[in-house]
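Observations on the three-dimensional arrangement
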Amino acid sequence: MTLSRRALLCASVLLVLPTPLLAQEKLAVVASFSILGDFVREVGGDRVSLTTLVGPDGDAHVYSPTPADAKAMAAARLVITNGLKFEGWMDRLVKSSASSAPVAEATRGIAVLKAPGGHGHEHGKKDKHGHDHSGQADPHAWQSVRNAKLYVTNIRDALIAADAAGKASYEANATAYLAKLDALDGEVKASVARIPAASRKLITSHDAFGHFARDYGIAFLAPRGISTESEASAKDVARLIKQAREQKVGAVFLENITNPRLIEQIAKESGARVGGRLYSDALSGPSGPAGTYIQMIQHNIRAIEKALVPGPA
Amino acid sequence: MGMNLYQLFLAPYVEFDFMRRALVGITALALSGAPVGVFLMLRRMSLTGDAMAHAILPGAALGYLAAGFSLPAMTLGGLAAGVIVATLAGLVARLSVLKEDASLAAFYLISLALGVAIISMKGSAVDLFHVLFGNVLALDDQVLLLLAAVTTATLVIMSVIYRPLVMECVDPGFLKSVSGMGSTVHLAFLGLAVLNLVAGFSALGTLLAVGMMMLPAATARLWTADITWLILLAIFFGMVAGYGGLTLSYHLDAGIPSGPAIILAAGGAYIASLFLGRQGGWVWRLLPGRHLRG
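Residues numbered from 1 in each chain as written. Chains lettered and ligands numbered in written order. Predicted model: local features only at pLDDT ≥ 70, side-chain atom pairs only at ≥ 80, totals over all residues.

Next up on the list: the overall build of chain A. A count of helical and extended segments in chain A gives 11 helices and eight strands. In chain A, buried positions account for 48% of the 313 residues. Considering only residue pairs separated by 6 or more positions, chain A has 65% of its internal contacts joining residues 24 or more positions apart. (Helix = DSSP H or I, 4+ residues; strand = E, 2+ residues; numbered from the N terminus. Buried ≥ 20, exposed ≤ 12 C-beta atoms within 10 Å, placed from the backbone. Contact = placed C-beta atoms within 7 Å.)

Next up, the structure:
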């Protein structure tokens with residue numbers, strides 16, 4: 001009995017000891033949600049030990065932090081958030097965890113896009129919407145690859161500021177990743193070019209694609225406001241169906257965090273094709289179709305092209 | 001507004017399939033939920049519906065985890081959870097010093113916590129909440145069939161147990177003294193309540209499920225004390241609130257979601273009835289001399 005207890009003690013000491021050593025070697029970074037986590041992993045490489053608060057398929061709009069999150073925050077030496085009021089719960093978490101780590105906003109320097117209630121690309125008639133979200137900055141800036149490159153440079157700079165010794169490594173990682181993002185940007189543009197200009201219109205259940213729409217010229221119409229917190233009114237849904245009928249919207253997409261029945265009803269009534277699922281606010285699990293940021297954008301643009309290019313589905 | 005009556009009251013339903021489906025769904029719910037609500041009210045169990053609606057959550061969540069976004073799985077799960085909680089609460093009330101309300105409160109809280117825990121285990125709480133709570137604007141064939149089936153079953157079972165149910169409301173001891181029917185009827189009735197809540201919950205959301213049950217019943221009570229009229233009026237108020245709320249949600253620029261709009265319409269009828277109702281309405285009491293006549 002005593003022997004096994006001693007063995008247990010030894011084992012636990014062994015288990016406990018390496019942790020502070022590791023913490024000194026690796027930079028403890030907290031990223032607020034899965035897409036930022038992917039960027040940090042790419043740029044930080046193995047110099048960084050990463051904690052992602054809102055995991056795959058989670059909704060960072062209305063997340064409520066757990067004690068484990070506060071613990072990770074207290075131990076962190078750098079916190080990376082999206083900013084643009086995407087993570088409303090973050091300020092409270094920083095305070096309650098008494099974290100002394102600097103908080104870096106990955107969207108710093110990004111051209112702010114005002115969130116429209118309907119969508120800016122369509123004609124003025126439906127700007128009479130009653131949503132009070134309009135006028136706030138659209139926080140879903142990562143949906144444009146051009147913005148993602150700014151995210152990456154911001155994250156790179158924040159990592160260097162927190163860990164100057166890793167400067168060379170962070171810069172090399174960032175440069176390599178930025179090249180991949182350039183290729184991705186080209187891929188998206190080529191894909192959009194294959195869709196006839198008149199068909200570049202679709203409906204999705206979550207208004208997260210404002211930045212994508214602006215940079216790539218595809219119109220995203222949404223039955224809901226910009227936040228997943230609000231429920232659609234009958235007026236919203238009716239307006240959307242009318243609009244889809246009048247403007248001959250090609251496709252309707254399910255999205256990974258809202259009620260799919262509503263979107264199926266709208267598709268049926270407007271005669272649009274039902275596309276696959278678009279990933280907007282969160283990556284899928286590692287085995288899913290959108291395990292990384294690059295996979296997410298590739299998945300989305302392929303799904304969009306498939307649904308909008310006319311001909312056999 | 002410059003709208004004629006047709007545009008105001010009929011056009012939304014002529015033009016849009018989703019509005020017709022919403023109206024059919026909410027009418028079915030009024031038809032079956034309101035009578036159940038009347039008996040819940042008469043048995044002083046008005047808050048039971050709210051408690052049961054929460055108790056259903058872990059079952060629906062388990063159904064979702066097992067079979068994904070499948071209405072049958074979620075409904076069966078919710079139904080099982082509701083029946084288990086109702087039965088356990090009844091058993092504890094009989095076998096311990098606790099009264100039924102206290103044991104129900106205990107079980108529904110445990111159940112609710114369990115539901116939230118199960119949902120969180122999946123890692124994405126919000127995702128599941130959005131899926132679990134239905135939306136009145138998104139009623140597909142499957143959901144409508146479920147609502148219609150539940151309504152039919154409710155009306156049939158209700159008519160079978162109607163007499164003992166009424167007698168038990170008047171004199172709870174009566175059936176026990178005459179036969180062993182009392183607890184059977186009580187259980188069948190609780191089962192109906194759970195069935196209606198589960199259907200309303202996965203089709204329309206908790207707010208509508210409980211609201212369409214209790215508000216029309218309470219409103220009807222302000223107009224009549226006769227049980228037949230209570231049931232008919234409750235159904236009527238439920239349908240009017242459903243139609244009114246939907247139509248409001250369609251026309252209002254403020255963009256009020258349809259679920260809350262329907263419940264607010266039912267709430268408006270309730271508050272108006274507090275003043276105008278023939279049963280102790282405040283306006284009638286204030287009229288001079290009126291109370292001397294009776």
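Right, picking up where we left off after that structure.
Residues and elements named next belong to chain A. Scored by pLDDT, chain A has a mean of 81; 79% of the residues are at 70 or more. Taken element by element, chain A is modelled with least confidence in helix H2 (residues 18-25), mean pLDDT 50, and with most confidence in helix H7 (residues 167-193), mean pLDDT 96. Predicted confidence for residues 117-134 stays below pLDDT 50, and this span has 28 contacts to residues more than four positions away or in other chains. (pLDDT = per-residue confidence, 0-100.)

With that settled, the discussion passes to the sheet that holds strand E3 (residues 78-81) of chain A. Residue and element names in this part refer to chain A. In space, the four strands of this open sheet follow the order E2-E1-E3-E4, with parallel pairing throughout. Because the sheet does not close on itself, it has two edges, and the strands there are strand E2 (48-54) and strand E4 (103-105). Ignoring strand direction, the axes of neighbouring strands in this sheet form an average angle of 25 degrees. By the bridge criterion, six bridges tie strand E1 (residues 27-33) to E2 in an arrangement that is parallel. Its bridge partner being in E2, Val 29 is matched across the sheet by Leu 50. Taken strand by strand, helix H4 (residues 67-75) contacts E1, E2 and E3, and its axis lies near 135 degrees from that of E1. Across the face of the sheet, helix H6 (residues 145-162) comes into contact with E1, E3 and E4 while running at roughly 170 degrees to E3. (Pairing = 2+ DSSP bridges. Axes fitted to C-alpha atoms, helices over the stretch in contact; angles between N-to-C directions.)

Another point: the environment of Thr 219 of chain B. Residue and element names in this part refer to chain B. Here Thr 219 is to be found in helix H12 (residues 206-221). Considered as a pair, Thr 219 and Phe 237 are 18 residues apart in the sequence and their alpha carbons are 7.6 Å apart. Here Thr 219 is in contact with Phe 237, Ala 269, Tyr 270 and Ser 273, once residues within four sequence places are set aside.

Looking now at H6 of chain A. End to end, H6 of chain A covers 26 Å across 18 residues, agreeing with the expected 26 Å (1.5 Å per residue, within 8%). All of the buried residues along H6 of chain A are Val 145, Asn 147, Ala 148, Tyr 151, Val 152, Asn 154, Ile 155, Arg 156, Ala 158, Leu 159 and Ala 162 of chain A. (Expected span 1.5 Å × (residues − 1).)

In a packed pair of helices, the relevant descriptors are the angle between the two axes and the axis-to-axis distance. Residues and elements named next belong to chain B. The geometry of helix H3 (residues 48-55) relative to H12 is characterised by a closest axis approach of 10 Å and an angle of 155 degrees between their N-to-C directions. Taken together, H3 and H12 sit at an angle that is classed as roughly antiparallel. Here the hand of the crossing between H3 and H12 comes out right-handed. Listed contacts from H12 to Gly 49, Asp 50 and Ala 53 of H3 are Thr 206, Ala 209, Val 210, Met 213 and Met 214. Of the residues that constitute the contact of H3 with H12, the class distribution is five nonpolar, two polar and one charged. (Parallel < 35°, antiparallel > 145°, perpendicular 65-115°, else oblique. Left-handed = near helix turned anticlockwise from the far one by under 90°. Nonpolar A, V, L, I, M, F, W, Y, C, P; charged D, E, K, R; others polar.)

Now for H3 of chain B. With respect to burial, H3 of chain B is a largely interior element, seven of its eight residues being buried. Turning to H3 of chain B, its buried residues number three or more, namely Thr 48, Gly 49, Ala 51, Met 52, Ala 53, His 54 and Ala 55 of chain B.

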